[in-house]
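Breakdown of the fold
The residues making up each chain are set out below.
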Amino acid sequence: MYLDVVHLRAFYDLPLGRLLRSLIGAPVRKMWPDLKGQSLLGIGYAGPFMRPYLDSAERAIAAMPAPQGAVPWPRERASACVLVEDTELPFPDAFFDRVMLVHALDHCSDPAAVLKEAWRVLAPGGRLIAVVPNRRGLWAQSELSPFGYGRPYSGGQLKDLLKSCQFNVLGDTEAVFMPPSRARTVLRAARTWESIGRRIWPVFGGILVTEAEKVVFQSLPSGGQKSRLRVLRPVFIPEGVATGLKPVRAMQPTMKGR
(Lines give C-alpha, C1' and ligand atoms only; values in the text may rest on other atoms or scores of the structure.)
Protein backbone atom coordinates (compact mmCIF):
# COMPACT_ATOMS: atom_id res chain seq x y z
CA MET A 1 0.00 0.00 0.00
CA TYR A 2 1.29 3.43 -0.96
CA LEU A 3 2.30 5.90 1.73
CA ASP A 4 0.86 9.39 1.70
CA VAL A 5 2.92 11.71 -0.47
CA VAL A 6 2.98 14.35 2.28
CA HIS A 7 4.80 11.92 4.58
CA LEU A 8 7.25 11.00 1.81
CA ARG A 9 8.09 14.63 1.09
CA ALA A 10 8.48 15.37 4.80
CA PHE A 11 10.84 12.41 5.24
CA TYR A 12 13.19 13.49 2.46
CA ASP A 13 13.35 16.98 4.00
CA LEU A 14 14.70 15.52 7.26
CA PRO A 15 18.44 14.98 7.87
CA LEU A 16 17.96 11.19 7.61
CA GLY A 17 16.02 11.55 4.37
CA ARG A 18 18.64 13.83 2.83
CA LEU A 19 21.31 11.31 3.82
CA LEU A 20 19.47 8.37 2.23
CA ARG A 21 18.92 10.45 -0.87
CA SER A 22 22.68 10.86 -1.13
CA LEU A 23 23.58 7.25 -0.28
CA ILE A 24 21.06 5.78 -2.73
CA GLY A 25 21.67 8.44 -5.35
CA ALA A 26 25.38 7.56 -5.57
CA PRO A 27 24.89 4.13 -7.24
CA VAL A 28 22.04 5.54 -9.34
CA ARG A 29 24.34 8.22 -10.77
CA LYS A 30 27.06 5.62 -11.28
CA MET A 31 24.68 3.60 -13.46
CA TRP A 32 23.38 6.71 -15.24
CA PRO A 33 26.16 9.31 -15.12
CA ASP A 34 24.54 11.53 -17.74
CA LEU A 35 21.11 11.69 -19.36
CA LYS A 36 21.80 14.50 -21.81
CA GLY A 37 19.09 14.56 -24.45
CA GLN A 38 17.24 11.66 -22.80
CA SER A 39 13.65 11.61 -21.58
CA LEU A 40 13.15 10.40 -18.00
CA LEU A 41 10.04 9.18 -16.19
CA GLY A 42 9.87 8.59 -12.44
CA ILE A 43 7.17 6.30 -11.06
CA GLY A 44 6.25 6.32 -7.37
CA TYR A 45 8.16 8.98 -5.46
CA ALA A 46 11.34 9.24 -7.51
CA GLY A 47 11.70 13.03 -7.49
CA PRO A 48 14.57 13.20 -4.95
CA PHE A 49 16.65 10.90 -7.17
CA MET A 50 15.68 12.53 -10.48
CA ARG A 51 16.84 15.98 -9.41
CA PRO A 52 20.49 15.57 -10.60
CA TYR A 53 19.19 15.11 -14.17
CA LEU A 54 16.97 18.18 -14.36
CA ASP A 55 19.53 20.27 -16.21
CA SER A 56 20.65 17.58 -18.65
CA ALA A 57 17.59 15.47 -19.47
CA GLU A 58 15.45 16.59 -22.39
CA ARG A 59 12.34 15.79 -20.39
CA ALA A 60 11.81 14.69 -16.77
CA ILE A 61 8.34 13.82 -15.49
CA ALA A 62 7.38 12.51 -12.05
CA ALA A 63 4.36 10.17 -12.24
CA MET A 64 2.84 9.85 -8.76
CA PRO A 65 0.22 7.11 -8.23
CA ALA A 66 -3.29 8.18 -7.23
CA PRO A 67 -3.36 6.14 -3.97
CA GLN A 68 -0.21 7.99 -2.89
CA GLY A 69 -1.21 11.46 -4.00
CA ALA A 70 0.86 14.10 -5.73
CA VAL A 71 2.74 17.27 -4.83
CA PRO A 72 4.35 19.80 -7.16
CA TRP A 73 7.77 18.69 -8.42
CA PRO A 74 10.32 20.19 -8.71
CA ARG A 75 9.69 22.96 -6.23
CA GLU A 76 11.92 25.57 -7.82
CA ARG A 77 10.59 25.20 -11.38
CA ALA A 78 7.37 24.74 -13.28
CA SER A 79 5.77 21.55 -12.03
CA ALA A 80 6.48 18.39 -14.04
CA CYS A 81 4.35 16.12 -11.87
CA VAL A 82 1.33 14.13 -12.97
CA LEU A 83 -1.17 12.09 -10.94
CA VAL A 84 -1.57 8.64 -12.53
CA GLU A 85 -2.95 5.15 -12.19
CA ASP A 86 0.23 3.09 -11.93
CA THR A 87 -1.09 0.40 -14.31
CA GLU A 88 -2.49 2.86 -16.88
CA LEU A 89 0.08 5.56 -17.51
CA PRO A 90 -1.18 8.49 -19.65
CA PHE A 91 1.71 8.30 -22.11
CA PRO A 92 2.01 6.79 -25.59
CA ASP A 93 4.06 3.70 -26.33
CA ALA A 94 7.86 4.02 -26.47
CA PHE A 95 7.74 7.61 -25.17
CA PHE A 96 10.64 7.59 -22.66
CA ASP A 97 14.30 6.60 -22.80
CA ARG A 98 14.65 5.94 -19.06
CA VAL A 99 12.29 4.98 -16.23
CA MET A 100 13.08 5.15 -12.51
CA LEU A 101 10.91 3.34 -9.95
CA VAL A 102 11.26 4.40 -6.30
CA HIS A 103 8.67 3.55 -3.61
CA ALA A 104 6.71 1.88 -6.41
CA LEU A 105 7.37 -1.86 -6.70
CA ASP A 106 7.47 -2.19 -2.92
CA HIS A 107 4.21 -0.28 -2.33
CA CYS A 108 1.97 -1.10 -5.32
CA SER A 109 -0.63 -3.87 -5.32
CA ASP A 110 0.54 -5.48 -8.60
CA PRO A 111 4.30 -5.11 -9.27
CA ALA A 112 4.16 -7.10 -12.51
CA ALA A 113 1.45 -4.84 -13.94
CA VAL A 114 3.45 -1.74 -13.03
CA LEU A 115 6.55 -3.15 -14.73
CA LYS A 116 4.62 -4.10 -17.85
CA GLU A 117 3.29 -0.55 -18.08
CA ALA A 118 6.82 0.78 -17.62
CA TRP A 119 7.92 -1.57 -20.43
CA ARG A 120 5.20 -0.17 -22.68
CA VAL A 121 6.22 3.48 -22.32
CA LEU A 122 9.95 2.71 -22.68
CA ALA A 123 11.56 3.02 -26.10
CA PRO A 124 13.20 -0.13 -27.54
CA GLY A 125 16.46 -0.61 -25.68
CA GLY A 126 15.32 1.84 -23.01
CA ARG A 127 16.60 1.34 -19.47
CA LEU A 128 15.00 1.15 -16.08
CA ILE A 129 16.28 1.50 -12.50
CA ALA A 130 14.32 -0.06 -9.65
CA VAL A 131 15.02 0.95 -6.03
CA VAL A 132 13.51 -1.40 -3.42
CA PRO A 133 14.20 -2.45 0.20
CA ASN A 134 16.47 -5.46 0.59
CA ARG A 135 14.79 -8.39 2.35
CA ARG A 136 18.09 -9.25 4.06
CA GLY A 137 18.80 -5.72 5.23
CA LEU A 138 17.85 -3.96 8.46
CA TRP A 139 16.02 -1.09 6.78
CA ALA A 140 13.20 -3.39 5.62
CA GLN A 141 12.57 -4.17 9.31
CA SER A 142 12.63 -0.56 10.51
CA GLU A 143 9.85 2.05 10.36
CA LEU A 144 12.29 4.97 10.39
CA SER A 145 12.03 5.31 6.61
CA PRO A 146 9.45 4.61 3.87
CA PHE A 147 11.49 1.52 2.93
CA GLY A 148 10.22 -0.20 6.08
CA TYR A 149 6.55 -0.03 5.09
CA GLY A 150 6.54 -1.77 1.72
CA ARG A 151 7.24 -5.18 0.24
CA PRO A 152 10.95 -6.10 0.51
CA TYR A 153 12.73 -8.12 -2.15
CA SER A 154 15.75 -10.34 -2.32
CA GLY A 155 18.10 -9.80 -5.24
CA GLY A 156 16.91 -13.00 -6.90
CA GLN A 157 13.24 -12.12 -6.49
CA LEU A 158 13.69 -8.71 -8.09
CA LYS A 159 15.67 -10.15 -11.02
CA ASP A 160 13.07 -12.86 -11.62
CA LEU A 161 10.31 -10.26 -11.58
CA LEU A 162 12.12 -8.07 -14.10
CA LYS A 163 12.86 -11.00 -16.40
CA SER A 164 9.25 -12.16 -16.31
CA CYS A 165 8.22 -8.69 -17.54
CA GLN A 166 10.63 -8.72 -20.53
CA PHE A 167 13.54 -6.88 -18.98
CA ASN A 168 17.17 -7.92 -19.19
CA VAL A 169 19.03 -7.21 -15.94
CA LEU A 170 22.22 -5.25 -16.65
CA GLY A 171 23.56 -4.74 -13.14
CA ASP A 172 22.65 -4.48 -9.50
CA THR A 173 24.18 -3.19 -6.30
CA GLU A 174 23.35 -2.53 -2.65
CA ALA A 175 23.28 0.74 -0.74
CA VAL A 176 22.74 2.05 2.81
CA PHE A 177 24.85 -0.17 5.08
CA MET A 178 24.48 2.00 8.15
CA PRO A 179 22.01 0.74 10.81
CA PRO A 180 18.58 2.41 10.92
CA SER A 181 19.03 5.30 13.33
CA ARG A 182 18.48 9.04 13.70
CA ALA A 183 21.40 9.39 16.13
CA ARG A 184 23.82 12.08 15.00
CA THR A 185 26.84 9.88 15.70
CA VAL A 186 25.48 7.21 13.33
CA LEU A 187 24.55 9.75 10.65
CA ARG A 188 28.00 11.31 10.78
CA ALA A 189 29.63 7.91 10.31
CA ALA A 190 27.38 6.96 7.36
CA ARG A 191 30.19 7.17 4.78
CA THR A 192 32.35 4.92 6.91
CA TRP A 193 29.52 2.41 7.20
CA GLU A 194 29.13 2.44 3.41
CA SER A 195 32.82 1.81 2.81
CA ILE A 196 33.08 -1.01 5.34
CA GLY A 197 29.75 -2.59 4.41
CA ARG A 198 30.55 -2.88 0.71
CA ARG A 199 33.73 -4.78 1.54
CA ILE A 200 32.56 -7.00 4.41
CA TRP A 201 28.81 -7.69 4.05
CA PRO A 202 27.61 -6.39 0.65
CA VAL A 203 24.53 -8.66 0.51
CA PHE A 204 23.16 -7.04 3.68
CA GLY A 205 22.82 -3.52 2.30
CA GLY A 206 19.48 -1.96 3.19
CA ILE A 207 18.49 -1.01 -0.36
CA LEU A 208 18.72 -2.80 -3.72
CA VAL A 209 19.41 -0.73 -6.84
CA THR A 210 18.94 -2.70 -10.07
CA GLU A 211 19.27 -1.60 -13.68
CA ALA A 212 17.49 -3.40 -16.51
CA GLU A 213 16.95 -2.98 -20.24
CA LYS A 214 13.75 -3.37 -22.22
CA VAL A 215 13.78 -6.55 -24.31
CA VAL A 216 11.83 -6.33 -27.55
CA PHE A 217 12.82 -9.49 -29.40
CA GLN A 218 13.35 -12.82 -27.68
CA SER A 219 16.44 -14.79 -28.69
CA LEU A 220 16.21 -18.29 -30.15
CA PRO A 221 16.32 -21.08 -27.57
CA SER A 222 19.83 -22.40 -27.01
CA GLY A 223 20.61 -25.90 -28.24
CA GLY A 224 17.74 -25.99 -30.69
CA GLN A 225 17.98 -26.04 -34.47
CA LYS A 226 17.33 -22.78 -36.20
CA SER A 227 14.19 -22.74 -38.28
CA ARG A 228 14.81 -22.52 -41.99
CA LEU A 229 12.69 -20.72 -44.52
CA ARG A 230 11.11 -23.15 -46.91
CA VAL A 231 11.31 -22.19 -50.57
CA LEU A 232 7.96 -22.74 -52.21
CA ARG A 233 8.13 -24.10 -55.74
CA PRO A 234 5.27 -24.52 -58.17
CA VAL A 235 3.96 -28.06 -58.25
CA PHE A 236 1.85 -29.86 -60.85
CA ILE A 237 -1.66 -30.59 -59.60
CA PRO A 238 -3.42 -33.33 -61.58
CA GLU A 239 -6.76 -32.40 -63.05
CA GLY A 240 -9.66 -33.47 -60.87
CA VAL A 241 -7.86 -33.15 -57.53
CA ALA A 242 -9.90 -30.98 -55.12
CA THR A 243 -7.78 -28.08 -53.89
CA GLY A 244 -10.30 -25.36 -53.12
CA LEU A 245 -8.72 -23.25 -55.87
CA LYS A 246 -10.15 -22.45 -59.25
CA PRO A 247 -8.57 -24.61 -61.95
CA VAL A 248 -6.21 -22.84 -64.31
CA ARG A 249 -5.93 -24.27 -67.81
CA ALA A 250 -2.54 -24.29 -69.42
CA MET A 251 -2.40 -22.43 -72.69
CA GLN A 252 -1.71 -24.72 -75.61
CA PRO A 253 0.31 -23.47 -78.59
CA THR A 254 -1.87 -22.89 -81.64
CA MET A 255 -0.99 -23.84 -85.17
CA LYS A 256 -1.49 -21.01 -87.62
CA GLY A 257 -2.56 -21.63 -91.17
CA ARG A 258 -4.73 -24.64 -90.33
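Quick caveat: nothing in here was measured; it's all calculated off a predicted structure. (Residues numbered from 1 in each chain as written. Predicted model: local features only at pLDDT ≥ 70, side-chain atom pairs only at ≥ 80, totals over all residues. Heavy atoms only, no water.)

A short note on the nonpolar core
- Counting residues in each nonpolar core, the largest one holds 41 residues, and the members touching the most others are I24, M100, V176 and M178.
- Counting residues per element, the ones that place at least two in this core are α1 (5-13), α2 (15-31), α3 (47-50), β2 (59-65), β4 (96-102), β5 (122-133), α6 (184-188) and β7 (207-214).
- Aside from chain neighbours lying at most four places away, what touches M178 is L16, L19, L23, W139, V186, L187, A190, W193 and E194.
- One finds L89, L105, C108 and C165 within the second-largest nonpolar core, a separate group that totals 31 residues. (Core = buried A, V, L, I, M, F, W, Y, C linked by side-chain atoms within 4.5 Å. Buried < 20%, exposed > 50% of the residue type's maximum accessible area, 1.4 Å probe, protein only. Helix = DSSP H or I, 4+ residues; strand = E, 2+ residues; numbered from the N terminus. Contact = heavy atoms within 4.5 Å.)

So, the packing of aromatic side chains
- On inspection of all chains with the given rule, the structure shows six aromatic pairs.
- Each ring, one from Y12 and one from F49, has its centre 5.8 Å from the other, and the planes form 90 degrees; the classification is edge-to-face. Of this pair, Y12 sits in helix α1 while F49 sits in helix α3, placing them 37 residues apart in sequence.
- Judged by its relative accessible area of 1%, Y12 is buried.
- Aromatic pair F91 and F95: ring centres 6.3 Å apart, planes at 10 degrees, arrangement stacked.
- Through successive ring pairs, a cluster of aromatic residues spans F11, Y12, Y45 and F49. (Phe/Tyr/Trp six-rings, centres within 6.5 Å; stacked < 30°, edge-to-face > 60°.)

Focus: the confidence of the model for the protein chain
- For the protein chain, the mean per-residue pLDDT works out to 87, and 84% of the residues sit at or above 70.
- Across residues 240-258, where pLDDT falls below 50, the model places one contact with residues more than four positions away in sequence or in other chains. (pLDDT = per-residue confidence, 0-100.)

Notes on the environment of S142
- Along the chain, S142 falls in the loop between β5 and α5 (155-164).
- You can call S142 buried: its relative accessible area is 12%.
- Taking the C-alpha atoms as reference points, S142 and P180, separated by 38 residues in sequence, lie 6.7 Å from one another.
- Discounting residues that sit within four places of it in the chain, S142 has contacts with G148 and P180.

Remarks on the side chain of E117
- Take E117: it is sitting in helix α4 (residues 111-121).
- A distance of 2.7 Å separates the side chain of E117 from the side chain of R120, its partner in a polar contact.
- With residues near it in sequence (within four places) discarded, E117 still touches D86, T87, E88 and L89. (Polar contact = N/O pair within 3.5 Å; in protein donor to acceptor, adjacent residues only side chain to side chain.)

Overview of the pairing of β4
- The buried count for β4 comes to six of seven residues, which makes it a mostly enclosed element.
- Taken together, the five bridges between strand β1 (residues 39-44) and β4 define a ladder with parallel strand orientation. Bridging across to β4, L40 finds its partner in R98.
- Here β4 pairs with β5 via six bridges, running parallel. From the neighbouring strand, R98 faces β5, where its bridge partner is R127.
- Each parallel crossover has a hand, and for β4 linked through α4 to β5 it is right-handed. (Pairing = 2+ DSSP bridges. Right-handed = clockwise from strand over helix to strand, strands pointing away.)

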